[in-house]
Amino acid sequence: MKLYNSASHTKEEFIPHEPGKVSMYTCGPTVYHFAHIGNLRSYIMEDILEKFLRYDGYEVKRVMNITDVGHLSSDADTGEDKMLKGAQREHKSVMEIARFYTEAFFDDCKKLNIKYPDVVQPATGMIESYIKVISGLLEKGYAYQAGGNVYFDTAKLEHYYVFNDHDEEDLAVGVREGVDADDNKRNKTDFVLWFTKSKFEDQALKWDSPWGVGYPGWHIECSCISMRYLGEYLDIHCGGIDNAFPHHTNEIAQSEAYLGHPWCRYWVHVHHLDTAGGKMSKSKGEFTTVTTLEERGYDPLVYRLFCLQSHYRKSLTFSWENLDNARAAYDKLVARVAALTGEGTVDEAAVEAHQAAFKEALGNDLNTSLAVTRLYDVLKADVNDETKRALVGSFDQVLGLDLLEKAAALREKEKVPVEGAEEIEALIAQRAGAKKDKNWEEADRIRDVLKAMGVEIKDTPAGVEWKRI
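On a predicted model such as this, the values are computed, not experimentally measured, just so you know. (Residues numbered from 1 in each chain as written. Predicted model: local features only at pLDDT ≥ 70, side-chain atom pairs only at ≥ 80, totals over all residues. Heavy atoms only, no water.)

S.K.: Tell me about the overall build of the protein chain, and please be specific about residues and values.
M.R.: Secondary structure assignment for the protein chain yields 15 helices and 16 strands. In terms of its C-alpha atoms, the protein chain occupies a principal-axis envelope of roughly 90 × 55 × 35 Å. Buried residues in the protein chain amount to 50% of all 469 residues. For the protein chain, contacts bridging at least 24 residues in sequence account for 73% of all contacts bridging at least 6. Within the structure as shown, the protein chain displays about 21,900 Å² of accessible surface, and the carbon and sulfur contribution to it stands at 48%. Charge-centre separation for the protein chain: the mean point of 57 positive side chains lies 3 Å from the mean point of 77 negative side chains. (Helix = DSSP H or I, 4+ residues; strand = E, 2+ residues; numbered from the N terminus. Buried < 20%, exposed > 50% of the residue type's maximum accessible area, 1.4 Å probe, protein only. Contact = heavy atoms within 4.5 Å. Areas by Shrake-Rupley, 256 points an atom, 1.4 Å probe, with all protein chains shown as cover. Lys, Arg positive; Asp, Glu negative; His and termini not counted. Charge placed at Lys NZ, Arg CZ, Asp CG, Glu CD.)

The structure is reproduced here in structure tokens:
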């Protein structure tokens, strides 16, 4: 398998630290609001990666954090506390907000067929680990205390910028006017490991520490959670592209300074979901959620297919028209699978050949668009229906589109007599008569009557087709 590594800016052969086993960390949500579908694009693609690794024979352990403390709105060390902002918005405690939105996040994941991680760790449950690692960084000279807070000293690193090309001379300059509001920092890229004195005098969550009562910075949590559950060597770290700097850059800095050796080999970043107005973002005030999709009549798995039709390293443009196209494609896929009779015996040689093509697609930097094409290839293949059904079920272990289940439900639905079918057929016959007499006004009127009844009609060379909408 080849994966694009954001750290090397190249596609690399994937070789885990321990043969046959993969340690995988995915940055979880900051649970101060609902996740929007742009956030969830990252989790869908990470889910595909995990499921493909398992499909390809690896034993995978995936860990995810839940950020319920320490994340400021700038993604660095400035701005508002996101959790406190959410609590104030809804007149609830921070932990009430955290519990509610954590549950909402995993409800959305379930609807999108995103597998629950092997380990989910809230940041607030790791305070002792943060203190241990921060103490170690202070002892090694990679951190310093100033103004009551503890900072990581990026000037002590030979190379700080991992994912971006910057002028290294910028690293060790003192804080300049307009660069950073924190005068305690020695260097503009230094970041907080532990807050004790800050502008958040009313911070809801505080803990005792050797440096005074306070709370952890955002970046330290992922390093400590990963080390606790996955050890000193991490195979794959995933997240949205906006996490690459400063969050993931700071994770690497503190982890490798503490451990004294390279930490994570492969960095996988999913690109943005854009709208006509640019990147989808909570900060703009309006965003689309899974509930929004459902309220507008979309199966959440339509959105999953929409994401799979594009490569994870390309920005994806969302519009309702684009989602309608994905819904049409999904409905046709389900209908084609529903039409399979299940006759014949499975052709094992054909299964093996098609699985190899499927693995080749996903093994080339997770090319989900080509993997979906391989699914269509199966449905068009010159093999019996039982073999096709076996392959659809096999591929769906990774694609997660519930095709066999949705196809079975469609077949059951088609067996049930439609209420009012006789009336509908009679109206269609009247419309046909009106069209024959060139009474277009009457024909249009009947179409409108049918539409008001929740019936959509389509004129085809074989006659009129209709369905409930």
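S.K.: Break down the packing of helix α10 (residues 348–362) against helix α11 (residues 368–380) for me, with residues and values.
M.R.: Two numbers describe how α10 lies on α11: the axes approach to 7 Å, and their chain directions differ by 165°. As summarised for this structure, α10 and α11 are arranged roughly antiparallel, according to the angle between their axes. Judged by the sense of rotation from one axis to the other, the crossing of α10 with α11 is right-handed. Where α10 approaches α11, its residues H354, A357, F358, A361 and L362 are matched on the opposing element by T368, L370, A371, R374, D377 and V378. In terms of residue class, the contact of α10 with α11 is made up of seven nonpolar, two polar and two charged. (Axes fitted to C-alpha atoms, helices over the stretch in contact; angles between N-to-C directions. Parallel < 35°, antiparallel > 145°, perpendicular 65-115°, else oblique. Left-handed = near helix turned anticlockwise from the far one by under 90°. Nonpolar A, V, L, I, M, F, W, Y, C, P; charged D, E, K, R; others polar.)

S.K.: With reference to specific residues and values, describe the pairing of strand β3 (residues 21–26).
M.R.: Where burial is concerned, most of β3 is hidden: five out of the six residues are buried. For β3 and strand β4 (residues 59–66), the ladder comprises six bridges, and the chain directions are parallel. Bridging from a neighbouring strand, V22 pairs with V60 of β4. As a crossover connection, the stretch from β3 through helix α1 (residues 37–55) into β4 is right-handed. Across three bridges, β3 lies against strand β10 (residues 234–240) in parallel orientation. Bridge pairing links T26 to C238 in β10. (Pairing = 2+ DSSP bridges. Right-handed = clockwise from strand over helix to strand, strands pointing away.)

S.K.: Break down the sheet that holds strand β12 (residues 273–275) for me, citing the residues and quoting the values.
M.R.: If you trace the three strands from one edge of the open sheet to the other, you get β13-β12-β14, paired in mixed fashion. Strand pairing shows two members of the sheet lacking a second neighbour, β13 (278–279) and β14 (316–317), which therefore form its edges. Across two bridges, the pairing between β12 and β14 is parallel. Looking at the pairing, L273 lines up with L316 of β14.

S.K.: Can you explain the nonpolar core? Please cite residues and give values.
M.R.: Nonpolar side chains in soluble globular proteins tend to be buried together. Counting 130 residues, the largest nonpolar core has L49, L53, I236 and Y303 as its most contacted members. It is α1 that contributes the most residues to this core, ten residues altogether. If sequence neighbours within four positions are ignored, L53 has contacts with M1, F14, V22, M24, Y58, V60 and I236. If you look at the next biggest cluster of nonpolar residues, it comprises seven residues, including I424, L427, L450 and I457. (Core = buried A, V, L, I, M, F, W, Y, C linked by side-chain atoms within 4.5 Å.)

S.K.: An account of the pairing of strand β7 (residues 149–152) is requested, with residue identities and associated values reported.
M.R.: Side chains N149 and Y151 of β7 all project onto a buried face; the interleaved residues V150 and F152 project onto the opposite face, where all are buried too. Bridge analysis of strand β6 (residues 143–146) against β7 gives four bridges, and the strand direction is antiparallel. Looking at β7, one finds that Q145 is bridged to V150. Counted along the chain from β6 to the antiparallel partner β7, the turn is two residues long, and its residue G147 has a positive phi close to 60°.

S.K.: Which residues make up the sheet that holds strand β11 (residues 264–270), and what values go with them?
M.R.: The parallel open sheet is built from five strands, whose spatial order is β5-β4-β3-β10-β11. Sheet topology places β5 (119–122) and β11 at the edges, where each strand pairs with a single neighbour. If you compare each strand with its neighbour and ignore which way they point, the axes differ by 20° on average. The sheet strands contacting helix α6 (residues 244–259) are β10 and β11, and the helix crosses β11 at an angle near 170°.

S.K.: Just give me the short version of helix α14 (residues 421–436), but keep the residues and values in it.
M.R.: Under the 1.5 Å per step criterion, the end-to-end length of α14 is 23 Å for 16 residues, consistent within 8% with the ideal 22 Å. In this structure, the buried residues of α14 make contact with α15 (440–452), β15 (455–460) and β16 (463–468). Immediately beyond the C-terminal end of α14, within one or two residues, lies K438, with a positive phi of roughly 60°. (Expected span 1.5 Å × (residues − 1).)

S.K.: Break down unusual backbone geometry for me, citing the residues and quoting the values.
M.R.: Note that the residue after F245, namely P246, is joined by a cis bond; omega there is 5°. Counting through the fold element by element, P246 comes out in helix α6. One non-glycine residue, H9, lies in the positive phi region at around 60°. When you line up the elements, H9 lands in the loop between β1 (2–5) and β2 (10–13). The exposure class assigned to H9 is partly exposed, which follows from its relative accessible area of 41%.

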